[in-house]
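Understanding the architecture of this molecule
Chain residues, written in single-letter form:
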Amino acid sequence: MTDVTGAPADVLHTLFHSDQGGHEQVVLCQDRATGLKAVIAIHSTALGPALGGTRYYPYATEAEAVADALNLARGMSYKNAMAGLDHGGGKAVIIGDPERDKTEELLLAYGRMVASLGGRYVTACDVGTYVADMDVVARECRWTTGRSPENGGAGDSSVLTAFGVYQGMRASAQHLWGDPSLRGRKVGIAGVGKVGHHLVEHLLAEGAQVVITDVRREAVGRISDQHPTVQVVADTEELIRVEGLDIYAPCALGGALNDDSVPVLTAKIVCGAANNQLAHPGVEKDLADRGILYAPDYVVNAGGVIQVADELHGFDFDRCKAKASKIFDTTLAIFARAKDDGIPPAAAADRIAEQRMAEARAAR
């Protein structure tokens, strides 16, 4: 079923009617000369200009791309609120294979699309886009962050994203076991790309046991070459069943926690960098019912957005790292709120974020 525009009705229902909607603006972008097809979704500007990355991905359908942009933008509103940033939430997706379709001309066309919003949306890197890409986009759009140091930016935001996830793991360990140390703990990481490989370094430095998997052989090979003691398993299905696993860290695409994975998960803590880890509402309760502590993804993976937001004001790495280290305290506060309210941590984080956004709207 479609509406008069030809868009699937369920996408429009998500936008205008469901709890997952409430978006302020959604822009469909097309540039025939370069082949650009993109969706820019602005969920909220209550706290300030919407800030969120650009995902370049070969979506099976345009409807899937729109739905992903809507979900990711909403997640950025909550992430930015919980990170204490004066930014709302937005996200963009470019439809296509970044290895095959990405060109300088296409990125410049995309930059013009973002610029047309006049600063309501500030873009950065995400899956399929990199610092070099943002340097190109910035040639057409000053509302671009995540650029290279040579072009006035902060460089790779995955460094502080991994650091924030690491702080979230330490807070989770403190809450569950009474000690933030991860020494001797067995941590499984699904996805050792831009963020995951930095996370491996943090964990090994503290003396944790690390088990990894990734669909890309080269990503696994890089870790194995540098750290032969790291255990490698075939896939995520095997990883979540590893005996004695203490912490599971989903660091690839979303939906890792679902009706199939949660019942067989051996870990006692889930804390990872992937966005939108909960496949659908209710999964957070399933985790709680199994006694698995879930550190909300948009809280612990906020180190990167803290970094790119700081770039807009003149980047200082030490200042950003100090802000990212507060993810430890924020995560503990969420667990305390969850206990007090008798709700899962994901719901507690949502309540805190929604309260901050509501207060900002009321103060306008």
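Quick look at the pairing of strand E7 (residues 209-213) now. The buried fraction of E7 amounts to 4 of the 5 residues, a majority that puts the element mostly inside the structure. You can see the chain leave strand E6 (residues 186-190), run along helix H7 (residues 196-206) and come back into E7, and the turn it takes is right-handed. At this point the chain moves from E7, through helix H8 (residues 217-226), to the parallel strand E8 (residues 231-232), and the crossover so formed is right-handed.

This part takes up the nonpolar core. Ranked by size, the top nonpolar core spans 44 residues in total, and within it Met169, Ile189, Leu199, Val200, Leu203 and Ile212 carry the most contacts. The dominant element in this core, judged by the number of residues it contributes, is helix H6 (residues 158-177), at 7 residues. Ala109, Tyr110, Tyr121 and Val136 belong to the second largest nonpolar core, which has 22 residues in total.

The next point concerns the environment of Gly168. Among the structural elements, Gly168 can be located in helix H6. Overall, the relative accessible area of 0% leaves Gly168 in the buried class. Excluding its chain neighbours within four sequence positions, the residues that come into contact with Gly168 are Cys271, Val300, Ile327 and Thr331.

Even without being a glycine, Asn276 presents a positive backbone phi close to 50°. The topology assignment puts Asn276 in the loop between strand E10 (269-270) and helix H10 (283-289).

This part is about H6. Look at H6: 28 Å from first C-alpha to last across 20 residues, which is about the 28 Å you get at 1.5 Å a residue. H6 sits mainly inside the fold: 14 of its 20 residues count as buried. Of the residues flanking the end of H6, it is Gly178, one or two places downstream, whose phi is positive at about 80°.

Here the focus is the environment of Ile247. Mapped onto the elements, Ile247 comes out in strand E9 (residues 247-250). Excluding residues within four positions of it along the chain, Ile247 makes contact with Met169, Trp177, Leu182, Lys186, Val187, Gly188, Ala267, Ile269 and Cys271.

Next up on the list: the packing of aromatic side chains. The geometry of an aromatic ring pair is captured by the separation of the ring centres together with the interplanar angle, meaning the angle of the planes. If you walk through the whole model with that rule in mind, you get 3 aromatic pairs. An angle of 70° between the planes, with centres 5.1 Å apart, marks the rings of Tyr57 and Tyr59 as edge-to-face. The buried category is assigned to Tyr59, whose relative accessible area is 9%. Geometrically, the ring pair formed by Phe315 and Phe317 is edge-to-face, given 6.4 Å between the ring centres and 70° between the ring planes.

Assignment of secondary structure puts Asp133 in helix H5 (residues 131-138). Residue classification places Asp133 among the buried positions, given a relative accessible area of 9%. A polar side-chain atom of Asp133 sits 2.7 Å from a polar atom in the side chain of Lys102. Among the polar contacts made by the side chain of Asp133, one reaches the main-chain amide nitrogen of Tyr130 at a distance of 2.9 Å.

So, on to the sheet that holds strand E2 (residues 36-44). One open sheet holds the 5 strands; their spatial order is E1-E2-E4-E3-E5, and the pairing between them is mixed. Across the chains shown, the open sheet's two edge strands, defined by having one partner strand only, are strand E1 (25-31) and strand E5 (121-125). The sheet shows a mean angle of 25° between the axes of neighbouring strands, taken without regard to direction. Sheet analysis places strand E3 (residues 50-57) next to E5, joined by 5 bridges and oriented parallel. Bridge pairing links Leu51 to Val122 in E5.

Turning our eyes to something else, we now look at H5. The element H5 is largely enclosed, with a buried count of 6 among its 8 residues. For H5, every residue scored as buried is listed here: Val131, Asp133, Met134, Asp135, Val136 and Val137. For H5, the secondary structure elements touched by its buried residues are helix H4 (104-115) and E5.

Evaluation of the coordinates by the stated rule reveals 19 salt bridges. A salt bridge links Glu237 to Arg241, with the nearest nitrogen and oxygen atoms 3.1 Å apart. For Glu237, a relative accessible area of 46% corresponds to the partly exposed category. Taking the relative accessible area as the measure of exposure, Arg241 reaches 43% and is therefore partly exposed. Counted as one network, the salt bridges with shared partners bring together Arg55, Asp68, Lys91 and Asp126.

This part covers the confidence of the model for the protein chain. For the protein chain, the average pLDDT comes to 93, and 95% of its residues sit at 70 or higher. Under a pLDDT of 50 for its full length, residues 1-7 has, in the predicted model, 8 contacts with residues more than four places off or in other chains.

Conventions adopted
Residues numbered from 1 in each chain as written. Predicted model: local features only at pLDDT ≥ 70, side-chain atom pairs only at ≥ 80, totals over all residues. Heavy atoms only, no water. Buried < 20%, exposed > 50% of the residue type's maximum accessible area, 1.4 Å probe, protein only. Helix = DSSP H or I, 4+ residues; strand = E, 2+ residues; numbered from the N terminus. Right-handed = clockwise from strand over helix to strand, strands pointing away. Core = buried A, V, L, I, M, F, W, Y, C linked by side-chain atoms within 4.5 Å. Contact = heavy atoms within 4.5 Å. Expected span 1.5 Å × (residues − 1). Phe/Tyr/Trp six-rings, centres within 6.5 Å; stacked < 30°, edge-to-face > 60°. Polar contact = N/O pair within 3.5 Å; in protein donor to acceptor, adjacent residues only side chain to side chain. Pairing = 2+ DSSP bridges. Axes fitted to C-alpha atoms, helices over the stretch in contact; angles between N-to-C directions. Salt bridge = Lys/Arg side-chain N within 4 Å of Asp/Glu carboxyl O. pLDDT = per-residue confidence, 0-100.

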